[in-house]
Amino acid sequence: MPVLPGGAETLVIMSLAGTCQLSALRDEAGRRREFPCRAINMSSRALMLATPARATMGDGVTAYIPSFGKLFGRVSRVMAGGFVMNLMLPAPQRRRIAIRLAWLQEHQAHDTRDLRRHARIVRGSPSARSPMPTARASPASSSTCR
């Protein structure tokens, strides 16, 4: 993970859909309500979420972002339309998150050159079909293995 001078980690800007639950917001049965959210930026220590849920400082948060899994933390800053949560992760999971973030930052750049080994082939007509060889029984396919 790239680190800025002074030891601060860089935030990876993203836009990943997910869900979140706040410990203070519950339904009539006492279960945590689930809200849609979008991860806006993230480091291995904090995550900014855009969500319609109204959080308060110190609320417990469970966020599920498919690329990163289930993340736990506490609200550290409240903003219009979302909040920032400090991630409470064990060291091994924090390292895995940092590795995923580094990969995401490297591969999400739109100006990255195409890394394919061979030229991309685009068909002239979307309804064109590629001819397939006819299936014929060969001696090897008609025999049985014993």
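What counts as what
Residues numbered from 1 in each chain as written. Predicted model: local features only at pLDDT ≥ 70, side-chain atom pairs only at ≥ 80, totals over all residues. Heavy atoms only, no water. pLDDT = per-residue confidence, 0-100. Helix = DSSP H or I, 4+ residues; strand = E, 2+ residues; numbered from the N terminus. Contact = heavy atoms within 4.5 Å. Pairing = 2+ DSSP bridges. Axes fitted to C-alpha atoms, helices over the stretch in contact; angles between N-to-C directions. Buried < 20%, exposed > 50% of the residue type's maximum accessible area, 1.4 Å probe, protein only.

On average, residues of the protein score 81 in pLDDT, and 75% of them reach the 70 mark or higher. The secondary structure element of the protein with the lowest average pLDDT is helix H2 (residues 139–142), at 54, and the one with the highest is strand E6 (residues 82–87), at 96. Residue range residues 1–7 is modelled with pLDDT below 50. Its contacts to residues more than four positions away, or to other chains, number 12 contacts.

Attention shifts here to the environment of Gln-108. In this structure, Gln-108 sits in the loop between helix H1 (91–107) and H2. Separated by 95 residues in the primary sequence, Gln-108 and Ile-13 place their C-alpha atoms 9.5 Å from one another. Setting aside residues no more than four positions away along its own chain, Gln-108 makes contact with Val-12, Ile-13 and Met-14.

Moving on, we come to the sheet that holds strand E4 (residues 60–65). Strand order in the closed barrel made by the 6 strands is E1-E2-E3-E6-E5-E4, with antiparallel pairing throughout. Across this sheet, the average inter-strand angle for adjacent strands is 45°, counted without regard to direction. The pairing of strand E3 (residues 46–50) with E6 spans 5 bridges and is classified as antiparallel. For Met-48, the partnering residue across the bridge sits in E6 and is Val-84. Relative to strand E1 (residues 12–26), H1 is tilted by about 140°, and along the sheet it contacts E1, strand E2 (32–42), strand E5 (69–79) and E6.

Right, let's talk about the environment of Ser-67 for a bit. Locating Ser-67 in the fold gives a position in the loop between E4 and E5. A C-alpha to C-alpha distance of 9.6 Å links Ser-67 and Ile-97, two positions 30 residues apart in sequence. The residues touching Ser-67, leaving out its near neighbours within four places in the chain, are Leu-16 and Arg-100.

With that out of the way, let us pick up the environment of Ile-40. Following the sequence through the fold, Ile-40 ends up in strand E2. Judged by its relative accessible area of 28%, Ile-40 is partly exposed. Sequence separation between Ile-40 and Val-84 is 44 residues; the distance between their C-alpha atoms is 9.6 Å. With sequence-adjacent residues up to four places away left out, Ile-40 is seen in contact with Val-12, Ile-13, Met-14, Met-48, Leu-49 and Ala-50.

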